[in-house]
Every structure is written in structure tokens, then in C-alpha cells.
Amino acid sequence: MAISYKDSGVDVERGYKAVELMKKHVKTTFDENVLGDIGSFGGFYSIAGEKMEEPVLVAGTDGVGTKLKYAFLANKHDTIGIDAVAMCVNDIVCQGARPLFFLDYFATGRLSPEVVATVVSGVAEGCRQSGCALIGGETAEMPGFYADGEYDIAGFAVGIVDKKKIINGKNITEGDVLIGIASSGVHSNGYSLVRKLFGDEDLKELDLFDARLNDTVLNALLTPTKIYVKTILNLIEKVSVKGIAHITGGGFIENVPRIFPEGIGCNIYKDSYPLPEIFKIMREKSGLADAQIYNTFNMGIGMVVCVAKKDADKTLEVLRSLGETAYRIGETKKGKGVSIK
């Protein structure tokens, strides 16, 4: 008796259906530089029209982490793709790069065409928000590897910047100002601790309305990561930005120093902006000291921009004109690391 691929748990027909359902979302991200169509062995993107003296490609890759557990619990799959895009494009725009295209990787034990298409609709939305094209990806059905109803998603973004306009922090000096741009919530980092604090199995309890949040805990935790690409690209055309830090895993303590040259540290003033309620609740539940919690979560600030003191007011003005909530949260100093004050 013959044993087919379908008998092993992989149904190529489900894969074909998933591709068909995805196509309408993917095509909404295409621009004039996308060559070819969905289904080729490789995705093509032309950079022939870029008017740069010395174009440099900037790449980044990331995933969503265990935030996925809440998507599974809520059976809500339309925003997790935004997170996957955000984690990648927010990184590369820190170097001043404009995202060009994105590729995603989706893996599951048993493929549900409807679920993967819904996830990809979120990926497409993230690409539209960041102005990049979704030119390819991979959908893997891996029986026995993932629990029923679970999946993983990761992504890869490529951007471009003129070499002379790369933002790398090398000109940051003592006395520069740090401007924080508000996050949309917890974003996509620290969810192993989040799950320890709130649990990830009791849907009924997580779905209760919380007056402090003016929402349910589950909705608050599933709020997609804010995409800062268009804001940052607009800002750097108007202000001389010295460095940009995306506040992801490791929080302030780990990420802000990544943009500093040797011998420079900073002070961050925690009372310089209102702490969102979700972080107050997590601080209460965890009992963590500032040195630990600011080393884990974004604490309400998704991006930190470093500018000269003379440019601080203009930076705030531009960011607020772009609809962002922004604060002067600290300054650089001689030394190393981050002091939370």
C-alpha cells in the first residue's frame, strides 16, 4: 500500500489554497519597482531609479517571540504580521535606511489556509505602513513539530540609504539630547515575562475589562508594535539626527548604548513622560527594580532619537506635527551605559 505525502500530514492542496488567499493581500504592497509576480523562486526588486551617490543596502531580520501565545489564545491572527514587519523595519530605519522590501516565513504543524492568509494580511498591512513591498516568503507545514493550532512567523527586511547619510551615532557627544517617541504598548519583546505575570491559558480572565487600561488585558497585550518608518524618514529630512535606538529586547539599558561611541553614556529621566498603565501594572505584579524592568520592556518609549541640544526643540516640534507623542527624556554624558533617574 502506497503512503502519500498527505498521509504524513502535509497536504499540498492546503498550501495552494493558502497562496491563493494570500495573493490579494500581497499585491496591495507592490510598487513600480517590483518585477514579476507571486510564485517565482525569487523575488525581484529594482533599485535602478534610486538617485544616490553611493547606495548602501541595510538588512534586518526578527520574529515576534512568545507574543504569539496570546494570538493563539484569542484566536486573533490579523495583527501579529504587523509585529513581524515592525520588528525588522524599525531596526533598519535606525540607520537612516528606507525599507524597500520584506519577506516572511510562516511555519505550522497543520496548515490552515485561512489562518495563514489572515496572518499575511497583517504582514501586508505592516508593509503598507512602512512603505515596503512584500515580494516573497515561505509557508512551511511541519507535522508533529508544532502544537495543534500554533505557528511561528519571522521576517526579513532590506532597505537602502546613501552612504553619506548613514546614521550610526559616531558624532554623538556629551550633552546631546535624547528624545523618546511613545510606543503603542508592550510591542513584541519581554513576553516570556509578560506571560509569567498574566498567564497565557485563562482566556476568560484575560478577556475581562480592566478599568486602568480602559480595555481588556488581552487586547492591550495584542496591540501591534508601532511602525516608526515614515516618521523617522520625515524627521531626518528636517533635523540633523545623530543616532536612533529602537527599544526592543533589553529595553533602555541594552539598546540606547548601542548608538553611542566609546566613552559616552546617558541619563534617562523616568518621570519625564507619563508611564502607560500596562507598565505600571507589570511593575506592580513583578516587583522589579528600575534597573531590571527598564532592561526588559520599552516602558512606553518605542524609539529614542539623539540630537544636538540646539536641535531638541525643533525635533519635538517636527515629531508632534507628524502626530507622534514625544518627550525630552534624557541627555548624554561622559561614561558608559544608562542611568535611570
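Scope of this entry: the structure provided in the associated data block. (Residues numbered from 1 in each chain as written. Predicted model: local features only at pLDDT ≥ 70, side-chain atom pairs only at ≥ 80, totals over all residues. Heavy atoms only, no water.)

## Some words on the pairing of strand β11 (residues 264–268)
Stated formally: Think of it in three bands: with a 1.4 Å probe and only protein chains considered, a residue is buried below 20% of the maximum accessible area for its type, exposed above 50%, and partly exposed in between. Secondary structure follows DSSP: runs of H or I at least 4 residues long count as helices, runs of E at least 2 residues long count as strands, and numbering of each begins at the N terminus. For two strands to be treated as a pair, DSSP must find at least two bridges joining them.
The buried count for β11 comes to five of five residues, which makes it a mostly enclosed element. Bridge count between β11 and strand β13 (residues 326–334): five bridges; the pairing is antiparallel. Residue N267 lies in a different strand from β13, and its bridge partner there is E331. In the sheet, β11 pairs with strand β14 (residues 338–340) via three bridges, with the strands oriented parallel. Across the sheet, C266 pairs through a bridge with V338, a residue of β14.

## Topic: the environment of A220
Within the secondary structure, A220 is located in helix α7 (residues 217–222). In this structure A220 comes out as buried when scored by relative accessible area, which is 15%. Distance in space between the C-alpha atoms of A220 and L206 is 9.9 Å, their sequence separation being 14 residues.

## Some thoughts on the packing of helix α1 (residues 12–26) against helix α4 (residues 113–130)
Let me state the cut-off plainly: Axis angles are defined between N-to-C directions and span 0 to 180 degrees, where every axis is a line fitted to C-alpha atoms and, for a helix, only to the segment in contact. Between 65 and 115 degrees an angle is taken as roughly perpendicular, under 35 as roughly parallel, over 145 as roughly antiparallel, and anywhere else as oblique. Here a crossing is called left-handed whenever its near helix is offset anticlockwise from the far helix by less than a right angle, and right-handed whenever the offset is clockwise. Contacts are assigned to residue pairs with any non-hydrogen atoms lying within 4.5 Å of each other. Polarity classes work like this: nonpolar for Ala, Val, Leu, Ile, Met, Phe, Trp, Tyr, Cys and Pro, charged for Asp, Glu, Lys and Arg, and polar for all others, with Gly in that last group.
At a minimum axis separation of 8 Å, α1 and α4 run at an interaxial angle of 25 degrees. Relative to α4, the element α1 lies roughly parallel. Along this stretch, α1 crosses α4, giving a crossing that reads as right-handed. Between α1 and α4, the residues in contact are R14, K17, A18, L21, M22, H25 and V26 and P113, E114, V116, A117, V120, S121, A124 and R128, respectively. In the contact of α1 with α4, the residues fall into nine nonpolar, two polar and four charged.

## Thoughts on unusual backbone geometry
Phi angles above zero are rare outside glycine, and N75 is one such case at about 55 degrees. For N75, the position within the fold is in the loop between α2 (68–74) and α3 (80–93). Located in the positive-phi region is M299, a residue other than glycine, with phi close to 55 degrees. A relative accessible area of 0% means that M299 is categorised as buried.

## A look at the pattern of salt bridges
Note the cut-off: Salt bridges are identified by distance alone: a Lys or Arg side-chain nitrogen within 4 Å of an Asp or Glu carboxyl oxygen.
Inspection of the entire model under this criterion finds 18 salt bridges. Among the ionic pairs, E125 bridges to R128, the shortest N-O distance being 2.8 Å. In this pair, E125 and R128 both sit in helix α4, three residues apart, roughly one turn of the helix. Under the relative-accessibility criterion, R128 is labelled partly exposed at 35%. For R212, the salt bridge is made with E284, and the minimal N-O distance between the two is 3.0 Å. Of this pair, R212 sits in the loop between β8 (209–210) and β9 (215–216) while E284 sits in helix α10 (residues 277–286), and the two are 72 residues apart along the sequence.

## Overview of the packing of aromatic side chains
Condition: Any pair of Phe, Tyr and Trp rings, taking the six-membered ring for Trp, is counted once the centres come within 6.5 Å. Such a pair is stacked with planes under 30 degrees apart, edge-to-face with planes over 60 apart, and tilted for the rest. Whether a charge sits over a ring depends on NZ of Lys or CZ of Arg being within 6 Å of the ring centre and within 35 degrees of the ring normal.
The final tally for this structure, using the stated rule, is eight aromatic pairs. These aromatic residues form a ring-pair network of at least three members: F72, F106 and Y151. Residue placement shows K226 over the ring face of Y228; its charged tip is 5.8 Å from the ring centre.

## Focus on the sheet that holds strand β3 (residues 55–63)
The mixed open sheet is built from four strands, whose spatial order is β3-β6-β4-β5. Each end of this open sheet is capped by a strand with a single partner; those strands are β3 and β5 (133–141). On average, each strand axis in the sheet is tilted by 15 degrees relative to the strand beside it, whichever way the strands run. As judged from the nine bridges shared by β3 and strand β6 (residues 151–162), these two strands associate in the antiparallel manner. What sits directly across from V58, in β6, is G159. Strand contacts of α3: β3, β4 (98–108) and β6, with the helix running at about 30 degrees to β6, the strand carrying the most contacts.

## What to know about the sheet that holds β13
In space, the six strands of this open sheet follow the order β10-β12-β7-β13-β11-β14, with mixed pairing throughout. Pairing within the sheet leaves two strands with one partner each, and these edge strands are β10 (241–246) and β14. Geometrically, the sheet is characterised by an average inter-axis angle of 25 degrees between neighbouring strands, direction not taken into account. Looking at chain direction, β10 and strand β12 (residues 301–307) are connected through five bridges and run antiparallel. Looking across to β12, one finds that G243 is bridged to C306. Of the strands in this sheet, β10 and β12 are in contact with α3, which crosses β10 at around 160 degrees. Taken strand by strand, helix α12 (residues 312–321) contacts β7 (177–182), β12 and β13, and its axis lies near 150 degrees from that of β13.

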